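The lines below spell out each chain.
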Amino acid sequence: MKILLIFFTFYLISDAVRCFSVTGYSGGSILVDSGKLWFSDSVKYMAKLPEWRTIINEKHDKWINEGRFTLFGNNEGKLMIYIRDLNQQDAGRYAIDVPHNQRIYMTLNVEEDSCCKVSKRVMVNIGETANFSCEYSPNHINDVKIIFKEGKDFIETIYSRWKKKERFSISDDKPKNLFSVRITAVTPDDGGVYLCGVWINRDSYSYFIINTVHLHIITAEIMGGINIWQDFYFLTPGLHTAAKRRVKTTQPLDFSMIIIISVCVILLLIGGFTQTVWKLRHERRGDVHAQLPTIPSDGLLYAAVSFQKHEESLSDATFALSQDCIHSDYTTVIYHTRLN
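As the structure is a computational prediction, the values presented were derived from the model and not from experiment.

**Some words on the overall build of the protein chain**
- In terms of regular secondary structure, the protein chain is built from two helices and 22 strands.
- When burial is assessed residue by residue, the protein chain has 37% of its 340 residues classed as buried.
- For the protein chain, the proportion of contacts with a sequence separation of at least 24, taken over those separated by at least 6, is 56%.
- For the protein chain, the computed accessible surface area is about 20700 Å², with 58% contributed by carbon and sulfur atoms.

**As for unusual backbone geometry**
- Following Leu 49, the chain continues to Pro 50 via a peptide bond in cis, the omega torsion being 10°.
- Within the secondary structure, Pro 50 sits in the loop between strand 3 (43–49) and strand 4 (53–59).
- Notably, Asn 177 is not glycine yet its phi reads approximately 55°, a positive angle.
- In this fold, Asn 177 is placed in the loop between strand 14 (168–173) and strand 15 (178–183).
- Taking the relative accessible area as the measure of exposure, Asn 177 reaches 17% and is therefore buried.

**Here we look at the side chain of Lys 145**
- Looking at the secondary structure, you find Lys 145 in strand 12 (residues 144–150).
- A distance of 3.1 Å separates a polar atom in the side chain of Lys 145 from a polar atom in the side chain of Asp 172.
- Non-local contacts of Lys 145, meaning those with residues more than four positions away in its chain, are made with Tyr 136, His 140, Tyr 159, Ser 160, Asp 172, Phe 179, Gly 197 and Val 198.

**What about the sheet that holds strand 15?**
- Taken in spatial order, the three strands of this open sheet run 11-15-14, and their pairing is antiparallel. Each edge of the open sheet carries a strand with a single partner, namely strand 11 (130–135) and strand 14. Sheet twist, expressed as the average angle between the axes of neighbouring strands with direction ignored, equals 20°.
- Two strands pair when backbone bridges link them, and strand 14 and strand 15 are joined in this way by six bridges, in the antiparallel orientation. Looking at strand 15, one finds that Ser 169 is bridged to Arg 182.

**Focus on the packing of aromatic side chains**
- Tallying each qualifying case throughout the model produces nine aromatic pairs.
- On the basis of an interplanar angle of 20° and a centroid distance of 4.4 Å, the ring pair of Phe 20 and Tyr 205 is categorised as stacked. On the criterion of sequence distance, the pair formed by Phe 20 in strand 1 (residues 17–25) and Tyr 205 in the loop between strand 16 (192–201) and strand 17 (206–223) is long-range, its members being 185 residues apart.
- For Tyr 205, a relative accessible area of 13% puts it in the buried group.
- Summarising the aromatic geometry, the rings of Phe 132 and Tyr 194 are spaced 5.9 Å apart at their centres and angled 45° between planes, so their arrangement reads as tilted. Residue Phe 132 is found in strand 11, and its partner Tyr 194 is found in strand 16; the two are separated by 62 residues along the sequence. In this structure, Phe 132 and Tyr 194 share a single accessibility class: buried.

**A few points about a nonpolar patch on the surface**
- A surface patch of nonpolar side chains, amounting to about 480 Å² of accessible area, comprises Met 257, Ile 260, Ile 261, Val 265 and Leu 269.
- The topology assignment puts Val 265 in helix 2 (residues 255–285).

**Some remarks on the nonpolar core**
- Counting 49 residues, the largest nonpolar core has Val 22, Met 46, Ile 83, Ile 96, Met 106, Ile 183 and Tyr 194 as its most contacted members.
- Broken down by element, this core gets its largest block of residues, five residues, from strand 17.
- What Val 22 contacts, discounting residues up to four positions off in sequence, is Ile 30, Val 32, Met 106, Thr 107, Leu 108, Asn 109, Tyr 205 and Tyr 207.
- Within the second largest apolar cluster, 14 residues are counted, among which are Leu 31, Trp 63, Val 144 and Ile 155.

**Describing the sheet that holds strand 8 (residues 92–98)**
- A sheet is described by the order of its strands in space; here five strands give the open sequence 1-9-8-3-4, paired in mixed fashion. Of all strands in the sheet, those with a lone pairing partner are strand 1 and strand 4, marking the two edges. On average, adjacent strands in this sheet sit at an angle of 20° to one another, irrespective of strand direction.

What counts as what
- Just so you know, the residues in each chain are numbered from 1, in the order the chain's sequence is written.
- At least 70 in pLDDT is required for a residue's local features to be given in this predicted model, at least 80 for side-chain atom pairs to be given and counted, and no such filter applies to totals for whole chains, interfaces and linings, which use all residues.
- For the side-chain quantities, the full set of heavy atoms in the structure was used; hydrogens and water were omitted.
- Runs of E in the DSSP output that reach at least two residues are strands. Runs of H or I that reach at least four are helices, and both are numbered from the N terminus.
- Burial here depends on accessible area, computed with a 1.4 Å probe over protein chains only, as a share of the maximum for the residue type. Under 20% is buried, over 50% is exposed, and the range in between is partly exposed.
- Contact between two residues is taken to exist if any of their heavy atoms lie within 4.5 Å; hydrogens are not considered.
- Each accessible area is a Shrake-Rupley estimate made with a 1.4 Å probe; only the visible protein chains count as cover when residues are assessed.
- Counted as a polar contact is a pair of N or O atoms within 3.5 Å, where, for protein atoms, one must be capable of donating a hydrogen and the other of accepting one, and residues adjacent in sequence contribute only when both atoms are in side chains.
- For two strands to be treated as a pair, DSSP must find no fewer than two bridges joining them.
- The axes are straight lines fitted to the C-alpha atoms, using for helices just the contacting stretch, and the angles between their N-to-C directions are given from 0 to 180°.
- Classification of ring pairs rests on two measures: the distance between centres of Phe, Tyr or Trp rings, Trp counted by its six-membered ring, which must be within 6.5 Å, and the angle between planes, read as stacked under 30 degrees, edge-to-face over 60 and tilted in between.
- Surface patches are defined over residues having more than 30% relative accessible area and no salt bridge, joining like charges when they lie within 9 Å and nonpolar side chains (Val, Leu, Ile, Met, Phe, Trp, Tyr) when within 5 Å.
- We define a salt bridge as a side-chain nitrogen of Lys or Arg found within 4 Å of a carboxyl oxygen belonging to Asp or Glu.
- Definition used in this section: a nonpolar core is a set of buried Ala, Val, Leu, Ile, Met, Phe, Trp, Tyr and Cys residues joined via side-chain atoms within 4.5 Å.

This is the structure in structure tokens:
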């Protein structure tokens, strides 16, 4: 009886506290299935040891995010731990509290490998076939390859050994340590953030070593007989939430050129309007002014002739020749017609 009690006590303790170790790569991400249940009505707590620095301490029914750290419940109701853009400072021990006095201690090891240094961006026209590759460490050449897609408050399995989504296919090139992903007849809904990597399975938990691929779907619109390309789905690098930011825009990529052309047209219209107003004003005044071109010489520099006609004084006409000063360099002739 005592032996059974000891085993039962040990079972309770081991189930209440779970310890495991995972390995990720600098620049990549890691997704961990803790094996514990997700309770939507409870507060989730995550801290970095040994200083017990709080990372997450809040309540949410499906998805809790803080910077690069996310806790969420998957479709099977399991607690998932998602850490993006790993670096050496992330290595260490973490404590994650779950309801019913249960705690998870997770040790994260971060290694260096060229496979996970940078995320990729792929652009493809709507209706065409998208192709991108995902590298992995030689240490995982025989592990299962898998693809996820990141949503607003979930991560969906797109392709794996157990699930194969229509229009998606994978080919594994083991000598090169990469597998290729092919998506045929892409639609705008195919745009987004894809997480491709390998699955490491353990007895009571599992985790995924992930690379990130941003897929942009480009669609063409005909506007005024001009083919204008638009990127309808754009994902911002360094997301602070695990949700993609989906921006639907009607602005073409050459929008700056349209602005420049519009400004030039407006300036031309303003110039034409100003010139028309100036001509109308001078026609109403009946003024005619002619100026001869300036010719540099020792004598006369230029001459100006001005005729002014007034309808109220047509009977009288005067002619005046004036010189403003003794040493004037110009001569002005003014012809007046007046009607007494």
